[in-house]
Amino acid sequence: MSEKSIISLKNVNKWFGDFHVLQDVNLEVKKKERIVVCGPSGSGKSTMIRCINRLEEHQEGSIIVDGIELTGNLKNIDNVRKEVGMVFQQFNLFPHLSVKENITLAPIWVKKMPKAEAEELAMRQLEIVKIPEQANKYPGQLSGGQQQRVAIARSLAMNPNIMLFDEPTSALDPEMIKEVLDVMVDLANGGMTMIVVTHEMGFAKTVADRMVFMDEGKIVEEASPDKFFNNPESDRTKLFLSQILHQ
Amino acid sequence: MNEMNEVRKPPVATTGIIGWLRINLFFNWTNSLITLFVIYCLYQFIPWILDWTIFSADFKYNYLGEQITNQEMCSRNLDPENGGACWAVIYVRFYQFIYGFYPRVEVWRVNLAYVMLAFALLPLLYAKLPYRKYFLYFTYIFPVIAYFLLNGGLGFTEVSTNKWGGLLVTLVLGCTGIALAFPIGIMLALGRRSKLPVISMMCTLFIEFIRGVPLITLLFFGMVMLPLFLPEGIDMDGLVRVLVAVTLFQSAYMAEVIRGGLQAIPPGQYEAAKSLGMSYWRMNLLIILPQAIRISIPPIVNTSIGLFKDTTLVIIVGILDLLGIGRGTLADTNWLGLSYEIYFFVSLVFFIFTFGMSRYSLYLEKKLKTGINMGAD
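Just so it is clear, the structure is predicted and the values come from calculations on it, not from any experiment.

1. Focus on the interface of chain A and chain B
The partner chain B presents 20 residues to the 25 residues of chain A that form the contact. Taken together, the links from chain A to chain B amount to one salt bridge. The partner of Arg 50 of chain A in a salt bridge is Glu 271 of chain B, and the shortest N-O contact between them spans 2.7 Å. Where chain A meets chain B, there are six residue pairs in polar contact (both at pLDDT 80 or more). When the residues that make up the side of chain A that touches chain B are grouped by side-chain class, the tally is 13 nonpolar, six polar and six charged.

Okay, structure coming up:
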């Protein structure tokens, strides 16, 4: 199994002080697989995906991404981060740079791409997320949905093998959620390996290959979307689904 | 909706000059009373100060038409009823105020350095300057050129720093102190926030030690104690010793100012930079510092202005800056009793430089804010 996995988490444990935030988490993700992670707040979903690109450090167990084990080795961490793109709840665009500069910065400085080539790449990525006309604006001049799409374009410009989404639509007005989800669906259809933490169950049903449900630092249930939504095994999952789908 | 086409304008009485006057100066009767009182004070003060500084003042000649060479010839000393300021003292001693005791034959070197300083500052001050890149190269090599030009060497006659004085010393101390303290301060600020305990502790100790000591103590330390730490036979120039003290002092303050800016950067910025594969230095140079420095512009300029004025303290270790020359002139029997004129002139020169700095920082803030929405606002 682990031969084919692009991401492999084995018995991962992590504590914030005394709080045991990840408890023996095991997860295998295959190439081109789309995983949707859900669960109540404080369940450790964000922490888990932040461990995958080492924004958080795990304390026990092993995490292997694309054949590279994440340890204290800084070089390995940098290599993993080049493979893994991440989109945040709060967009985290660089406010002092224009949209185009936000996207070209990492290709130019991390990948040593010539400036002209990077700009061309940025424009291509902006077309993919459908806002090429905003290239010369600053993040503060864009709507939330547009900012999040720029953030996606910025990650894609590094040509990652894996994309992590940490509640990408939670900070958006309801009207803007769809434009971001549309971009994510396109990305999924294009064959990107994705781990998405989200409460958008409609999105989960359309694109997920597998659902992961977490509670209190543990993975409670892992199942295909069909089984997960129609016939969940654990009572905790049933309770969660009944609450989230009744909104 | 069709009837709403007409655009509604604000009431006339709240806009324009009349509106401004009404809201700010004559809002209610106490407000009006204060306004009238201030106008009366200005009416009394402005004609008097103009008369003293300009209309009744002597510039080169007194009211009898004689060229003034000492304080007894000032109009106001010849006839106390008649005459204001006696600027002749500045005129006569102008050379010393600007160059100190720099040899007259070599003074073109100082003038050239002043002009070059202006050119070196240009690309730093105006980002839109044409051919800015080439100007910047000049800015980088300017300190080396200025060193040889002012100090001598490379075919120039040596002019030892104890002959320097006046505005020259003030500018050398101020510019070098500010320019060197900026990068050192950035390193100290990053170091203090470093996760490596040794680096963070060393930076914290340095900052707290320097900040806990008055500049005068550091100046004495530079003058008296620094030579003890140097190997025998190496004699450090007096001005350099003072420069070391001033720079250390300023970098500690700069570090704390920049650390304040760094703390204002949301953690998401670090995370976004890291998730794109940026190394520590790239992240700081490209993402964090540009934003942190932008936030810190007002306090950076504040401490820089503070340092520029604090350079006057070098008088206590025997270096004559602008104020030092002024005090020296006052001690001259020829010019006894002209303290108003001399201190007025020295204040004016300092005011021009510091006011320039503060206006520039306002311009910079305005320029950098356009179109950029920082963080939450």
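Let's pick the thread back up.
2. Thoughts on the sheet that holds strand β10 (residues 218–223) of chain A
Residues and elements named next belong to chain A. Ordered in space as β6-β7-β8-β3-β9-β10, the six strands form an open sheet in which the pairing is mixed. Each edge of the sheet is formed by a strand with only one pairing partner; in this case those strands are β6 (84–87) and β10. Averaged over all adjacent pairs, the angle separating strand axes in this sheet is 20°, with direction ignored. Where β6 and strand β7 (residues 162–166) come together, four bridges link them in parallel fashion. Paired with Gly 85 across the bridge in β7 is Met 163. Against the sheet, helix α5 (residues 144–156) engages β6 and β7, with an angle of about 170° to β6. The sheet contacts of helix α9 (residues 235–245) involve β3 (34–38), β9 (210–215) and β10, and relative to β9 the element is tilted by about 100°.

3. Considering the confidence of the model for chain B
Residues and elements named next belong to chain B. Residues of chain B with pLDDT of at least 70 account for 95%, and the chain-wide mean is 84. When the criterion is pLDDT under 50, residues 373–377 qualifies, and its contacts beyond four places in sequence or with other chains add up to five contacts. For this predicted complex, the interface confidence score (ipTM) comes to 0.91, while the overall pTM stands at 0.84.

4. Some remarks on the packing of helix α3 (residues 99–109) of chain A against helix α4 (residues 115–128) of chain A
Residues and elements named next belong to chain A. Two numbers describe how α3 lies on α4: the axes approach to 9 Å, and their chain directions differ by 125°. With respect to each other, α3 and α4 are oriented oblique. The crossing of α3 and α4 is right-handed. Counting all contacts with α3, which are made through Val 99, Lys 100, Ile 103, Thr 104, Pro 107 and Ile 108, the residues of α4 involved are Lys 115, Ala 118, Glu 119, Leu 121, Ala 122, Met 123 and Leu 126.

5. Considering the sheet that holds strand β2 (residues 19–30) of chain A
Residues and elements named next belong to chain A. Reading across from one edge, β2-β1-β4-β5 is the order of the four strands in this open sheet, with antiparallel pairing throughout. In this open sheet, the two edge strands, each paired with only one partner strand, are β2 and β5 (68–69). As defined by bridge partners, strand β4 (residues 60–65) adjoins β5 across two bridges and the pair is classed as antiparallel. Bridge assignment links Ile 64 to a residue of β5, and that residue is Glu 69.

6. Here's the deal with the environment of Ile 6 of chain A
All names here are of chain A. Relative to the helices and strands, Ile 6 is located in strand β1 (residues 5–16). With a relative accessible area of 5%, Ile 6 lands in the buried category. Residues Ile 6 and Ile 68 lie 62 residues apart in sequence; the distance between their C-alpha atoms is 9.6 Å. What Ile 6 contacts, discounting residues up to four positions off in sequence, is Val 29, Lys 30, Lys 31, Ile 64, Val 65, Asp 66, Asn 161, Ile 162 and Thr 193.

Here is what the cut-offs are and how they apply
- Residues numbered from 1 in each chain as written.
- Chains lettered and ligands numbered in written order.
- Predicted model: local features only at pLDDT ≥ 70, side-chain atom pairs only at ≥ 80, totals over all residues.
- Heavy atoms only, no water.
- Contact = heavy atoms within 4.5 Å.
- Salt bridge = Lys/Arg side-chain N within 4 Å of Asp/Glu carboxyl O.
- Polar contact = N/O pair within 3.5 Å; in protein donor to acceptor, adjacent residues only side chain to side chain.
- Nonpolar A, V, L, I, M, F, W, Y, C, P; charged D, E, K, R; others polar.
- Pairing = 2+ DSSP bridges.
- Helix = DSSP H or I, 4+ residues; strand = E, 2+ residues; numbered from the N terminus.
- Axes fitted to C-alpha atoms, helices over the stretch in contact; angles between N-to-C directions.
- pLDDT = per-residue confidence, 0-100.
- Parallel < 35°, antiparallel > 145°, perpendicular 65-115°, else oblique.
- Left-handed = near helix turned anticlockwise from the far one by under 90°.
- Buried < 20%, exposed > 50% of the residue type's maximum accessible area, 1.4 Å probe, protein only.

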